[in-house]
Protein chains: 2
Amino acid sequence: MEDKHEEKLNKAQERVIETLAKNMELYGITMSTGLLYGTMLFQDKAMTLDEMGEALGMSKTSMSTGVRTLMDLQMVDKIWKKGTRKDHYEVNLDWHQTFIDFFSLKWRAASEQNVHAMKKSRLELQSLLQNEELSEDLKARVERSITRIDNALAYYDWLSRFIDTMESHEIFELVPKDPVKK
Amino acid sequence: MEDKHEEKLNKAQERVIETLAKNMELYGITMSTGLLYGTMLFQDKAMTLDEMGEALGMSKTSMSTGVRTLMDLQMVDKIWKKGTRKDHYEVNLDWHQTFIDFFSLKWRAASEQNVHAMKKSRLELQSLLQNEELSEDLKARVERSITRIDNALAYYDWLSRFIDTMESHEIFELVPKDPVKK
DNA sequence: ATCTTTGTTCAGAAAAAACTTTACGTACTT
DNA sequence: AAGTACGTAAAGTTTTTTCTGAACAAAGAT
């Protein structure tokens, strides 16, 4: 009888875990790592690599790499347990912060690289324009490229300020954590 | 001589295209599709599938699937050209809108699925709690699971409102497209 | 100092994804 | 109506990613 209840609990947890994992896949986290995250989420204790491997039926090596991915994204934390030599991990329950960290990590890095490349190319094109002996056709194409780049740069400038408002938590003034009651 | 200039233009464009493509990979767009996007970005005309295949040295089938991905994300538009039977595509230059579309499409879908699963599981757990003959231990674990779910649901509620402010462009009041001059 | 325990690196196997070729359906042309 | 041009679906191949098991290095225990 007790088993029946136990099973219901597991069923309910597994539905959430699997849905979560499948959707994490959408933004670059592997299904297995997602399952790992979900499993830790419903665990009442911080887990060791061996426990994870046991729970998912996977190798400890995979747990090691999975948990590192989650650590890099600040989705789990390594915690101190005295008396044992094993590392223990638990999920970071501040999902708002997790979102912000994930977002700023990925998008900031990408946009900085893009901006760098665009500025460099823009300079080159600008100096190409100085050139007297440039055919009309080519000149037009260069100018057009510069326009395209400027358009993109304006967006990245916005994106950068957007990420700022998240990192500074200013975003919570526009979109409060607790919905304003009417 | 003219070729020299031509080459400089290409070099400058390719740097941007490749950086862009590499970073698009980070959020689920394949490198080739990213290259396709970048190529179209610097093209002065809407492109046909054949032109794309030509430009990237890839099969037309790949162009077809790539361009569809970009269409789904609203990153390119199919446009009408009279007099020809081929489809023509060009990039959507409103990057702010592209960002919003991408974001709301991907994140909204994911969070709706997660919320659905969580609410369903939450109900099951709640009804499990009604049960008299529940061991203390199991009861505590069920309650804990509900807490975890509620925590996540609060975040998804916030995320939903967050996406709303983007879709409604309200976000541009907090983070203006044009930086305010001091 | 030697022997364990623990996490990680590395090489190879298994699985998944991306790409191409062939084939097909639809719509336009003649 | 027959032929051609076009986009996409399906099947097959190649490339990439993920996962595992063995070997290793660091730290602790005896």
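Just so it is clear, the model here is predicted, and its values are computed rather than measured.

## Remarks on the domain arrangement of chain A
Residues and elements named next belong to chain A.
- Partitioning chain A into structural domains gives domain 1 (2-92) and domain 2 (96-174).
- For the pair domain 1 and domain 2, the summed buried area comes to about 520 Å², and 66% of that belongs to carbon and sulfur atoms.
- Interface area lost by domain 1 to domain 2 is led by Tyr27, Leu73 and Gln74, which between them contribute 63%.
- The tally of links from domain 1 across to domain 2 stands at zero salt bridges.
- Between domain 1 and domain 2 we count zero residue pairs in polar contact (both at pLDDT 80 or more) in total.
- Looking at the side of domain 1 that touches domain 2 residue by residue, the classes come out as three nonpolar, two polar and one charged.

## Remarks on the protein's contact with DNA strand C
- In the vicinity of DNA strand C lie 15 residues, with Ser64, Arg85 and Asp87 of chain A together with Ser32 and Ser62 of chain B positioned nearest.
- When atoms of DNA strand C within 4 Å of the protein are split into backbone and base, the sugar-phosphate part holds 67%.
- Between a base oxygen of DNA strand C and a side-chain N or O atom of Thr61 of chain B, the distance comes to 3.3 Å.
- Measuring from a phosphate oxygen of DNA strand C, one finds a side-chain N or O atom of Ser62 of chain B at 2.8 Å.
- No other element matches helix H4 (residues 60-72) of chain A, which puts four residues into the surface near DNA strand C.
- Looking at side-chain class alone, the surface near DNA strand C contains two nonpolar, seven polar and six charged residues.

## Notes on the interface of chain B and chain A
- At the junction of the two partners, chain B supplies 69 residues and chain A supplies 69 residues.
- Of the roughly 6600 Å² buried at the junction of chain B and chain A (both faces included), carbon and sulfur atoms supply 66%.
- If you look at where chain B meets chain A, you find four salt bridges.
- The residue Arg141 of chain A makes a salt bridge to Glu6 of chain B at a minimum N-O spacing of 2.8 Å.
- In this assembly, chain B and chain A are joined by 26 residue pairs in polar contact (both at pLDDT 80 or more).
- Here the side of chain B that touches chain A gets 19 residues from one element, more than from any other, and that element is helix H6 (residues 136-167) of chain B.
- Its residues assigned to classes, the side of chain B that touches chain A shows 38 nonpolar, 14 polar and 17 charged.

## A short note on the packing of aromatic side chains
- As enumerated under the stated definition, the model contains 38 aromatic pairs over all chains in all.
- Measuring from ring centre to ring centre gives 5.9 Å for Phe99 of chain A and Phe103 of chain A, while their planes differ by 25°; the resulting arrangement is stacked. Separated by four residues within a single helix, Phe99 of chain A and Phe103 of chain A lie in helix H5 (residues 95-130), roughly one turn from each other. Comparing Phe99 of chain A with Phe103 of chain A, the two get one shared label, buried.
- On the basis of an interplanar angle of 75° and a centroid distance of 5.7 Å, the ring pair of Phe99 of chain A and Phe162 of chain B is categorised as edge-to-face. Note that Phe99 of chain A is positioned in helix H5 and Phe162 of chain B in helix H6, a pairing that runs across two chains. Comparing Phe99 of chain A with Phe162 of chain B shows no difference in burial state: the two are buried.
- Lys177 of chain A extends its terminal NZ or CZ atom over the ring of Phe172 of chain A, reaching a point 4.9 Å from the ring centre.

## A short note on the packing of helix H3 (residues 49-56) of chain A against H4 of chain A
All names here are of chain A.
- For the pair H3 and H4, the least separation of the axes is 9 Å and the interaxial angle reads 110°. Relative to H4, H3 is oriented roughly perpendicular. Viewed along their axes, H3 and H4 form a crossing whose handedness is right-handed. Judged by residue contacts, Leu49, Asp50, Met52, Gly53 and Leu56 of H3 engage Lys60, Met63, Ser64 and Val67 from H4.
- Among the residues forming the contact of H3 with H4, the class breakdown is five nonpolar, two polar and two charged.

## So, the relation of the copies chain B and chain A
- Superposing chain B onto chain A requires a rotation of 180° together with a translation of 0.0 Å along the rotation axis, leaving an RMSD of 0.1 Å. What we have between these two chains is a two-fold relation. Residue Tyr27 of chain B of chain B places its C-alpha closer to the rotation axis than any other residue of that unit, at 2.9 Å.
- Taken as a fraction of all interface residues of chain B, those also at the interface in chain A reach 100%, which identifies the copy contact as same-surface.

## Brief notes about the nonpolar core
- Within the largest apolar cluster, 106 residues are counted, with the highest numbers of intra-cluster contacts made by Phe99 and Phe162 of chain A together with Phe99 and Phe162 of chain B.
- The residues touching Phe162 of chain A, leaving out its near neighbours within four places in the chain, are Phe103 of chain A together with Phe99, Phe162, Met166, Ile171 and Val175 of chain B.

## Digging into the protein's contact with DNA strand D
- For DNA strand D, the set of nearby residues contains 14 residues, the closest of which are Ser32 and Ser62 of chain A together with Ser64, Lys86 and Asp87 of chain B.
- Restricting attention to atoms of DNA strand D within 4 Å of the protein, one finds that 72% of them are sugar or phosphate atoms.
- A distance of 2.6 Å separates a phosphate oxygen of DNA strand D from a polar atom in the side chain of Ser62 of chain A.
- Elements supplying a minimum of two residues to the surface near DNA strand D: H4 of chain A together with helix H4 (60-72) of chain B.
- When residues in the surface near DNA strand D are grouped by element, the largest group, four residues, is from H4 of chain B.
- The residue inventory of the surface near DNA strand D, partitioned by class, reads two nonpolar, six polar and six charged.

Rules and cut-offs
Residues numbered from 1 in each chain as written. Chains lettered and ligands numbered in written order. Predicted model: local features only at pLDDT ≥ 70, side-chain atom pairs only at ≥ 80, totals over all residues. Heavy atoms only, no water. Domains from an automatic or database assignment. Buried area = accessible area lost by both parts, 1.4 Å probe. Salt bridge = Lys/Arg side-chain N within 4 Å of Asp/Glu carboxyl O. Polar contact = N/O pair within 3.5 Å; in protein donor to acceptor, adjacent residues only side chain to side chain. Nonpolar A, V, L, I, M, F, W, Y, C, P; charged D, E, K, R; others polar. Near = heavy atom within 4 Å. Helix = DSSP H or I, 4+ residues; strand = E, 2+ residues; numbered from the N terminus. Contact = heavy atoms within 4.5 Å. Phe/Tyr/Trp six-rings, centres within 6.5 Å; stacked < 30°, edge-to-face > 60°. Buried < 20%, exposed > 50% of the residue type's maximum accessible area, 1.4 Å probe, protein only. Lys NZ or Arg CZ within 6 Å of the ring centre and 35° of its normal. Axes fitted to C-alpha atoms, helices over the stretch in contact; angles between N-to-C directions. Parallel < 35°, antiparallel > 145°, perpendicular 65-115°, else oblique. Left-handed = near helix turned anticlockwise from the far one by under 90°. Least-squares fit on C-alpha atoms with pLDDT ≥ 70 in both. Core = buried A, V, L, I, M, F, W, Y, C linked by side-chain atoms within 4.5 Å.

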